[in-house]
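As a plain string of letters, each chain reads:
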Amino acid sequence: MKKITIGILVLLLCAHTHAQKFEGIAETPPLGWNSWNTFSTNINEQLVKDIADKFVELGLKDAGYEYIVLDDGWMAKERDVNGNLIADPVKFPSGMKALADYIHSKGLKFGLYNCAGSKTCAGYPGSRGYEYQDARSYASWDVDYLKYDWCNTDKLNAEGAYITMRDAIKTAGRPMVFSICEWGDNKPWEWAKDVGHSWRVTGDIINCWDCEIGHGSWSSWGVWKIINMRKAIRKAAGPGHWNDYDMMEVGNGMTDAEDRSHFAMWSMLASPLIMGNDLRVASPQTIKTLTNKEVISVNQDNLGIQGFRFSNENKIEIWLKPLNKNSWAMCFVNMNDKPIEINFDWKKHNIGDDVNERNLDTKKDTYTIEDLFNHKNLGSTAKNLKGRIGVHDVLMIKLELK
Ligand code: GLA
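Predicted, not measured: the structure shown is a model, and the values here were computed from it. (Residues numbered from 1 in each chain as written. Predicted model: local features only at pLDDT ≥ 70, side-chain atom pairs only at ≥ 80, totals over all residues. Heavy atoms only, no water.)

A.B. asks: In this structure, what is going on with unusual backbone geometry? I would like to understand it.
C.D. replies: For residues other than glycine, phi is negative in most cases, and the peptide bonds are mostly trans. Unlike most non-glycine residues, W183 shows phi in positive territory, near 65 degrees. Along the chain, W183 turns up in the loop between strand 5 (177–180) and strand 6 (198–200). The phi dihedral of N326 is positive, around 60 degrees, even though this residue is not glycine. (Helix = DSSP H or I, 4+ residues; strand = E, 2+ residues; numbered from the N terminus.)

This is the structure in structure tokens:
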């Protein structure tokens, strides 16, 4: 009898270990770079090494960026005779393990892409039916992060397919961030908390402020289209499980002001901050935005609370994010096509986050105000907050209890 009970316990424990993602990673949103937005499938070994070098040279590593992720197009068009994935021998002649070693030697981490379907979105071999084999390959190459897409999935069930890959990674035994990318089609914010570390919430981003670019059966979306697409999903985000608003377009052609607002908003949304620009030619202004440590620390705040829209009057978007130590981050984004003056009377507003039961009570408490992009002290909430905000620019502040 005793033996049977122990046997059942062991079985239960095994089942329990398998039905888990790796815990304790991505406790704050992942920070990194991904090849897709700029390079599509035109990637190669030298490019990736150059990007790793730039992480160090440009201070991105110091600012906290960690993952270098190769998106679609890293594989050979066919698996080998044993069904193993192989790196494209022309683009990556030294193979994936050597590239991982290079990236690790810089103190960074290495990510790869694949897809739950029979083929990736760009037509390379997908993982369907090869999940455990592929996970073993990634583990043997020392991969730290897997982005897992959703093309060519026919009638697959999304939750089931992502659980299969999660279990395959767990069984392969190497901790990897599991980045779910099914574009929000199957509401992953309702089921993916124990499956992945982040999940895309929309279709693909494109480098514009508020546009939609149609491609027949699908569209790419500008920054504000993405921000506005999903409602009431913020409560799903938290340490180890994030709403992913897609790789950033900072440095990819919007104005510096728009880039700042985009970066500020991804930080407010506690989204992974995955750069998508060519770091080899990035302008000093782009790097200044991307390495703003105060803004990054809003994104990385250890409470992991996703921010929310407080108001949107006269085309001024006001957003708030509760932070550790009863501090708050706040953004005023100017959606107008002309600069505006703001005059915000703290006493006229009741600011609170019902989901997390937090209040910013300026009648009871006084908060100091720090401007996070201009690195200036702006006084305190004892007085109205006044300022001028340029076209599509942001005033991002941190409020701390005095
Ligand atoms: C999908 C994803 C993108 C990118 C491409 C690669 O569109 O959403 O982020 O990975 O596939 O083909």
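A.B. asks: Would you mind going over the sheet that holds strand 20 (residues 394–401) with me for this structure?
C.D. replies: Ordered by their spatial adjacency, 6 strands build an open sheet running 11-12-13-20-17-18, and the pairing between neighbours is antiparallel. Both outer strands of the open sheet, strand 11 (308–313) and strand 18 (376–380), are each paired with one neighbouring strand and no more. Pairs of neighbouring strands in the sheet enclose a mean axial angle of 20 degrees, with direction left out of account. Strand direction decides the pairing type here: strand 17 (residues 367–371) and strand 20, joined by 5 bridges, are antiparallel. Looking at the pairing, T368 lines up with E400 of strand 20. (Pairing = 2+ DSSP bridges. Axes fitted to C-alpha atoms, helices over the stretch in contact; angles between N-to-C directions.)

A.B. asks: Help me understand empty space enclosed by the protein in this model?
C.D. replies: With a probe scaled to a water molecule rolled over the atoms, the places where space remains empty come into view. In this structure the tally under the stated criterion is 2 cavities of 30 Å³ or more. Each pocket or cavity is described by its volume, and for the largest cavity that value is around 100 Å³. Surrounding the largest cavity, 13 residues form its lining, Y145, K147, S179, D244 and M247 being those nearest its centre. Where the lining of the largest cavity is concerned, the elements lending two or more residues are strand 4 (145–149) and strand 5. Residue classes in the lining of the largest cavity are distributed as 7 nonpolar, 2 polar and 4 charged. The computed volume of the second largest cavity comes to approximately 40 Å³. Forming the walls of the second largest cavity are Q20, K21, F22, R166, I169, K170, M176, F178, V195 and H197. Top contributing element to the lining of the second largest cavity by residue count: helix 7 (residues 158–172), with 3 residues. (1 Å grid on protein atoms, 1.4 Å probe; cavity = no way out; pocket = protein on both sides within 12 Å on 5 of 7 lines; lining within 4 Å. Points joined across faces, edges and corners; volume = space filled by probe spheres on them. Nonpolar A, V, L, I, M, F, W, Y, C, P; charged D, E, K, R; others polar.)

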